[in-house]
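# Examining the three-dimensional arrangement
In case you want the letters, here they are:
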Amino acid sequence: MIWVAVGGVVGSLFRYLLNEIFGSDKTGVLIANQLGVALAAFSVSYFLTHPNLKLKNFVIPGFCGGLTTFSSVMLLSNEFGYSYIFENLAISLLVVAFIYPWSKQRA
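Residues numbered from 1 in each chain as written. Predicted model: local features only at pLDDT ≥ 70, side-chain atom pairs only at ≥ 80, totals over all residues. Heavy atoms only, no water.

Take the confidence of the model for the chain next. Here the chain averages 91 in pLDDT, and 97% of its residues register 70 or above. Within the chain, helix α5 (residues 82–106) has the poorest average pLDDT of any element, 88, and helix α3 (residues 53–67) the best, 96. (pLDDT = per-residue confidence, 0-100. Helix = DSSP H or I, 4+ residues; strand = E, 2+ residues; numbered from the N terminus.)

The topology assignment puts R15 in helix α1 (residues 2–22). Among the residues examined, R15 registers a relative accessible area of 18% and is labelled buried. Here the alpha-carbon distance between R15 and S45, two residues 30 residues apart in the chain, equals 24 Å. Contacts of R15, omitting those with residues within four sequence positions, involve A32, G66, L67, T68, T69 and S72. (Buried < 20%, exposed > 50% of the residue type's maximum accessible area, 1.4 Å probe, protein only. Contact = heavy atoms within 4.5 Å.)

Glancing now at a nonpolar patch on the surface. On the surface, F14, L17, I21, F22 and L35 cluster together to form a nonpolar patch covering roughly 460 Å² of accessible area. In terms of residue count, the dominant contributor to the nonpolar patch is α1 (four residues). Position of L17 among the secondary structure elements: in helix α1. (Patch = residues over 30% accessible without salt bridge, like charges linked within 9 Å, V, L, I, M, F, W, Y side chains within 5 Å. Areas by Shrake-Rupley, 256 points an atom, 1.4 Å probe, with all protein chains shown as cover. Salt bridge = Lys/Arg side-chain N within 4 Å of Asp/Glu carboxyl O.)

What follows concerns the nonpolar core. Where a protein is soluble and globular, its nonpolar side chains tend to be buried together. Among the nonpolar cores identified, the biggest contains six residues, and these are V29, L30, V73, L76, Y84 and I85. Of all the secondary structure elements, the ones that give two or more residues to this core are α2 (25–49), α4 (70–80) and α5. Here L76 is in contact with D25, K26, V29, G81 and Y84, once residues within four sequence places are set aside. Residues A38, A41, V95 and I99 belong to the second largest nonpolar core, which totals five residues. (Core = buried A, V, L, I, M, F, W, Y, C linked by side-chain atoms within 4.5 Å.)

What follows is about the side chain of S92. The topology assignment puts S92 in helix α5. Here S92 falls in the buried class, since its relative accessible area comes to 16%. Other than its neighbours up to four places away in sequence, S92 contacts Q34 and V37.

End to end, α1 covers 30 Å across 21 residues, agreeing with the expected 30 Å (1.5 Å per residue, within 8%). Within the span of α1, buried status applies to G7, G8, G11, R15, L18 and N19. Across the axial projection of α1, the buried residues extend over an arc of 115°, all falling on one side. Seen from the buried face of α1, the exposed residues on the opposite side, beyond 90 degrees, are I2, L13, Y16 and I21. In the core, the buried residues of α1 are packed alongside α2, α3 and α4. (Expected span 1.5 Å × (residues − 1). Arc of directions from axis to C-beta.)

Right, let's get into the packing of α2 against α4. Two numbers describe how α2 lies on α4: the axes approach to 11 Å, and their chain directions differ by 145°. Every pair of crossing elements has a handedness; the one defined by α2 and α4 is left-handed. Residues D25, K26, V29 and N33 of α2 pack against S72, V73, L76 and F80 of α4. Of the residues contributing to the contact of α2 with α4, the split by class is four nonpolar, two polar and two charged. (Axes fitted to C-alpha atoms, helices over the stretch in contact; angles between N-to-C directions. Left-handed = near helix turned anticlockwise from the far one by under 90°. Nonpolar A, V, L, I, M, F, W, Y, C, P; charged D, E, K, R; others polar.)

Shown next as structure tokens:
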């Protein structure tokens, strides 16, 4: 449980940093979500062949969970409309469709 908590803190701080760098909640949240989705997709296949429960808990539910944010997407959809939700979902699906098969070949 501690590894999930530590990963969540690091992921949340990284998301905050992305928002500061891009100066926009909209862009920062979109990039944070896509990085989290890409890392989670890669990690799922990696940990199938390289089991390490502590690292898996740190990375997937911890770091990726803290980095990605559905609640911010919903909040920003009030400002930018439902197209922002669909933009996040569509890009996330494309990222998974690209990363997961690629990562399985390298794992």
